[in-house]
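# Coordinates in review
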Amino acid sequence: MNATRARILRSSFLLLTSLLAACSSPKRLPAVPDELADRAAVLGSPALRTWDDTLNEAFLEEMFRAGKVEFTELAAAGRADSIPTAHYLAISGGGAEGAYGAGILCGWSTTGTRPEFKIVTGISTGALTAPFAFLGPAYDERLRTVYTSVTTEEIARKRGILAAIYDDALMDTVPLRKLLAQTVDEQMMRDIATEYAKGRILMVATTNLDANRGVIWNIGAIAATGKPEALKLIHNILIASAAIPAAFPPVMFDVEVDGAKYQEMHVDGGAKAQVFLYPPTLHLSETVAAAGFKRDRVAYVIRNARLDPKWVDVRRKTLTIAGRAIDSLIQTQGVGDLYRIYMTAQRDGVDFNLAFIPATFNEQAKEAFDPAYMTKLFDVGYAQATAAGGYPWLKAPPGFDSHDAVLPVPPSTK
């Protein structure tokens, strides 16, 4: 009996060893060396993206060129002294909670008061929302469908049991890529390019893991290149921005420096920030004044998450404890991002407005992307946006020295 058992154990061990030996990690081209990272370009142009902390000149020049289009047209029409207010929209990450922001946008359209945004930015689920928000009410129905009917299986699918050791993520995003091919199509890209030609700007952020830095992509400029690879690049950016590290695979971007080929590894923009409006280093008021422009500016920030502390009975298990700690870090980072945006807006004379999921919403999702849950959350955002007087935007982040910014204390769930 012992001999038989030993043979079975040996055979099992050899089989497992051979299976493990057959597995190998995904391959990649060399990462861009640190000293060359600033010169790496996609589609042959340095103007299509920039670091979030150091704006490159080509990117800035392209942004201001696009921005000047509106002023040039107004001047040609004899309306140089009646420049309309510039409205900005920043949409945060939050996974399925992106349904809340989608509800606000669709409800806002219903009231007839939703402005045309001069700049729209997005990170993670906010990056997936941003193109629809940028193109306005004409794309509301498509936005509503995505955030009220899509299931987890249409976003990602599980990989094998050894994925945690030998692959680059526990799940793959083939379903998400298929969904984007259906929703963010050639026509949508052409519409984005058309709006970009009018001086409007759409930006999405990812995280370059090799450099450990955030990257801001000018989606409108990419759409306007007219290159055959443009749509695939946009899809890759949107997927990368939502690629939760370890859960979803990173997106590899092919780049060149002096003719040499490299690859960059990009993941969820939320690894660096949950939401962004524009980099504080831009000093918008000074830059715009130096260019001879003067206008009122209003910023709307949609945080697809609750901002009050949420009590949970945490099980004494390693993964549960780690997950709870990560949730806490993400929430704290999100609040910090709001303070950064608020202080930047105050400095630059931009009117600040904030939306976030109310503490009264306590529905529980049955899966990562639960259509029933997302529909209820969408309905909450929609109802708030269509209520008498419109959405109750806060004028400062929670806890700031403002009466309007004080959050109600939720009842104890203990």
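Residues numbered from 1 in each chain as written. Predicted model: local features only at pLDDT ≥ 70, side-chain atom pairs only at ≥ 80, totals over all residues. Heavy atoms only, no water.

A few words on the overall build of the chain. Looking only at helices and strands, the chain features 13 helices and 11 strands. For a compact globule of 414 residues, the expected C-alpha radius of gyration is about 22 Å, and the chain comes in at 23 Å, within 12% of that figure. C-alpha atoms of the chain, sized along the principal axes, occupy 95 × 60 × 35 Å. The buried share of the chain, taken over its 414 residues, is 48%. Sequence separation of 24 or more characterises 76% of the internal contacts of the chain that already satisfy a separation of 6 or more. Accessible surface, the chain: about 20,500 Å² in total, of which carbon and sulfur atoms supply 58%. If the 43 positive side-chain charges of the chain are averaged to one point and the 45 negative ones to another, these points end up 7 Å apart. (Helix = DSSP H or I, 4+ residues; strand = E, 2+ residues; numbered from the N terminus. Rg over C-alpha atoms; globule rule 2.2 N^0.38 Å. Buried < 20%, exposed > 50% of the residue type's maximum accessible area, 1.4 Å probe, protein only. Contact = heavy atoms within 4.5 Å. Areas by Shrake-Rupley, 256 points an atom, 1.4 Å probe, with all protein chains shown as cover. Lys, Arg positive; Asp, Glu negative; His and termini not counted. Charge placed at Lys NZ, Arg CZ, Asp CG, Glu CD.)

The subject of this paragraph is the layout of surface pockets. Here the second largest pocket defines a volume of roughly 380 Å³. Residue lining of the second largest pocket: 16 residues in total, with Val 42, Leu 43, Glu 229, Asp 254 and Val 255 positioned closest to the centre. Mapped by element, the contributors of at least two residues to the lining of the second largest pocket are helix 10 (230-241), strand 8 (251-257) and strand 9 (260-267). Considering each element in turn, the lining of the second largest pocket owes the most residues, 5 residues, to strand 8. Grouping the amino acids of the lining of the second largest pocket by side-chain chemistry returns 9 nonpolar, 2 polar and 5 charged. (1 Å grid on protein atoms, 1.4 Å probe; cavity = no way out; pocket = protein on both sides within 12 Å on 5 of 7 lines; lining within 4 Å. Points joined across faces, edges and corners; volume = space filled by probe spheres on them. Nonpolar A, V, L, I, M, F, W, Y, C, P; charged D, E, K, R; others polar.)

Moving on, we get to helix 13 (residues 371-386). Its 16 residues place the ends of helix 13 22 Å apart at the C-alpha level, agreeing with the 22 Å of an ideal helix rising 1.5 Å per residue. Burial in helix 13 covers these residues: Tyr 373, Met 374, Leu 377, Phe 378, Gly 381, Gln 384 and Ala 385. For helix 13, the arc enclosing every buried residue in end-on projection is 135 degrees, short of the 170-degree limit, so these residues lie on one face. Summarising the contacts, the buried residues of helix 13 are in contact with helix 3 (98-111), helix 5 (140-149) and strand 11 (351-357). At the N-terminal boundary of helix 13, the capping side chain belongs to Asp 370, with an oxygen 3.1 Å from the backbone nitrogen of Ala 372. (Expected span 1.5 Å × (residues − 1). Arc of directions from axis to C-beta. Polar contact = N/O pair within 3.5 Å; in protein donor to acceptor, adjacent residues only side chain to side chain.)

With that settled, consider the confidence of the model for the chain. Close inspection of predicted coordinates is inappropriate in any region flagged by low pLDDT. For the chain, per-residue confidence averages 88 on the pLDDT scale, and residues scoring 70 or more make up 90% of the total. The low-confidence segment residues 403-414, where pLDDT is below 50, has 16 contacts with residues more than four positions distant or belonging to other chains. (pLDDT = per-residue confidence, 0-100.)

As a further point, take the pairing of strand 8. Side chains Val 251, Phe 253, Val 255 and Val 257 project from strand 8 onto a buried face, and the interleaved Met 252, Asp 254 and Glu 256 project onto a face without burial. The antiparallel hairpin formed by strand 8 and strand 9 contains 2 residues in its connecting segment, where Asp 258 sits at a positive phi of about 55 degrees. (Pairing = 2+ DSSP bridges.)

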